[in-house]
Amino acid sequence: QLQLVESGGGLVQPGGSLTLSCTAQGFTLDSAIIGWFRQAPGKEREGVSCISDIDSSTYYVQSVEGRFTVSRDNAKNTVHLQMNSLKPEDTAVYYCAFEPAAICSRNFIYLRYDYWGQGTQVTVAS
């Protein structure tokens, strides 16, 4: 079964940190990008970040720039999203998604992704 498996979500206080992981099973992340998205209850899904295996480029939306860092661990076929200085408005279900043969840019939200993770809940509250 080809899938993306996510982990790392949880409850954290404002200002805290979490690291999300997205692991590909049944395929590799070679020559592709991983996009990170999030969706809060009752709201539309929004883009967060992306990373490309082709040119190592990354992109962050303004609301997370300087706080979130996306990285790859090719040996583990895994992409991580390190989230620091978390705010209550970061609370959402976070999803990773796979798109082959693409370059990461501000237009990553418009790509047609082949695979999606199951989502992991991130809650930022006191």
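Here the structure is shown first, and the text comes after it.
This one's a predicted model, so the numbers in the text were calculated from it and none came from an experiment. In this convention, every chain numbers its residues from 1, walking through the sequence in written order. Restriction of local features to residues with pLDDT of at least 70 applies here, the model being predicted, together with a cutoff of 80 or more for giving and counting side-chain atom pairs; totals for whole chains, interfaces and linings are based on all residues. For side-chain calculations, the full set of non-hydrogen atoms in the structure is used, while hydrogens and water are omitted.

**A short note on the overall build of the chain**
Line of reasoning, step 1. Secondary structure elements follow DSSP: runs of H or I of four or more residues count as helices, runs of E of two or more count as strands, with numbering from the N terminus. In terms of helices and strands, the chain carries 0 helices and 11 strands.
Line of reasoning, step 2. Reading the helices (α) and strands (β) of the chain from amino to carboxyl end gives β-β-β-β-β-β-β-β-β-β-β.
Line of reasoning, step 3. For 126 residues, the compact-globule estimate of 2.2 N^0.38 gives 14 Å, and the C-alpha radius of gyration of the chain, at 13 Å, lies within 12% of that figure.
Line of reasoning, step 4. With the principal axes as the frame, the chain shows a C-alpha extent of 40 × 30 × 30 Å. Our radius of gyration looks at C-alpha atoms and nothing else; its globule reference is 2.2 Å times the residue count to the power 0.38.

**Thoughts on the sheet that holds strand 7 (residues 68-73)**
Line of reasoning, step 1. The 4 strands lie next to each other as 1-3-8-7, forming an open sheet whose pairing is antiparallel. The open sheet terminates on both sides in strands that have one partner only, identified here as strand 1 (3-7) and strand 7. Adjacent strand axes in the sheet meet at a mean angle of 20°, parallel and antiparallel pairs treated alike. Here a strand pair is declared whenever DSSP counts at least two bridges between the two strands. Working convention: axes come from line fits to C-alpha atoms, limited for helices to the stretch in contact. Angles between N-to-C directions cover 0 to 180 degrees.

**Side note on the nonpolar core**
Line of reasoning, step 1. Ranked by size, the top nonpolar core spans 28 residues in total, and within it L4, I34, W36, F68, L81, M83 and Y94 carry the most contacts.
Line of reasoning, step 2. Elements with a contribution of two residues or more to this core: strand 3 (18-25), strand 4 (32-39), strand 5 (46-52), strand 7, strand 8 (78-83), strand 9 (92-100) and strand 11 (120-124).
Line of reasoning, step 3. Residues belong to one nonpolar core when they are buried, are Ala, Val, Leu, Ile, Met, Phe, Trp, Tyr or Cys, and are joined through side-chain atoms within 4.5 Å. Summary of the burial criterion: residues with accessible area below 20% of their type's maximum are buried, those above 50% are exposed, and those between are partly exposed, where the area comes from a 1.4 Å probe applied to protein chains only. C50, A102, C104 and Y113 belong to the second largest nonpolar core, which has 8 residues in total.

**Quick word on the state of the cysteines**
Line of reasoning, step 1. By definition, disulfides here are pairs of cysteine sulfur atoms that lie within 2.5 Å. Tallying each qualifying case throughout the model produces 2 disulfides.
Line of reasoning, step 2. Linked covalently through their sulfurs, C22 and C96 form a disulfide whose S-S length is 2.0 Å. Negative torsions about the S-S bond denote left-handed disulfides, and the value of about 75° found for C22 with C96 makes this one right-handed. Here C22, found in strand 3, pairs with C96, found in strand 9; they are 74 residues apart in sequence, far enough to count as distant.
Line of reasoning, step 3. Disulfide pairing places C50 opposite C104 at an S-S distance of 1.7 Å. On the sign convention where negative is left-handed, the bridge of C50 and C104, at about 90° about the S-S bond, is right-handed.

Shape descriptors only; they carry no functional weight alone.
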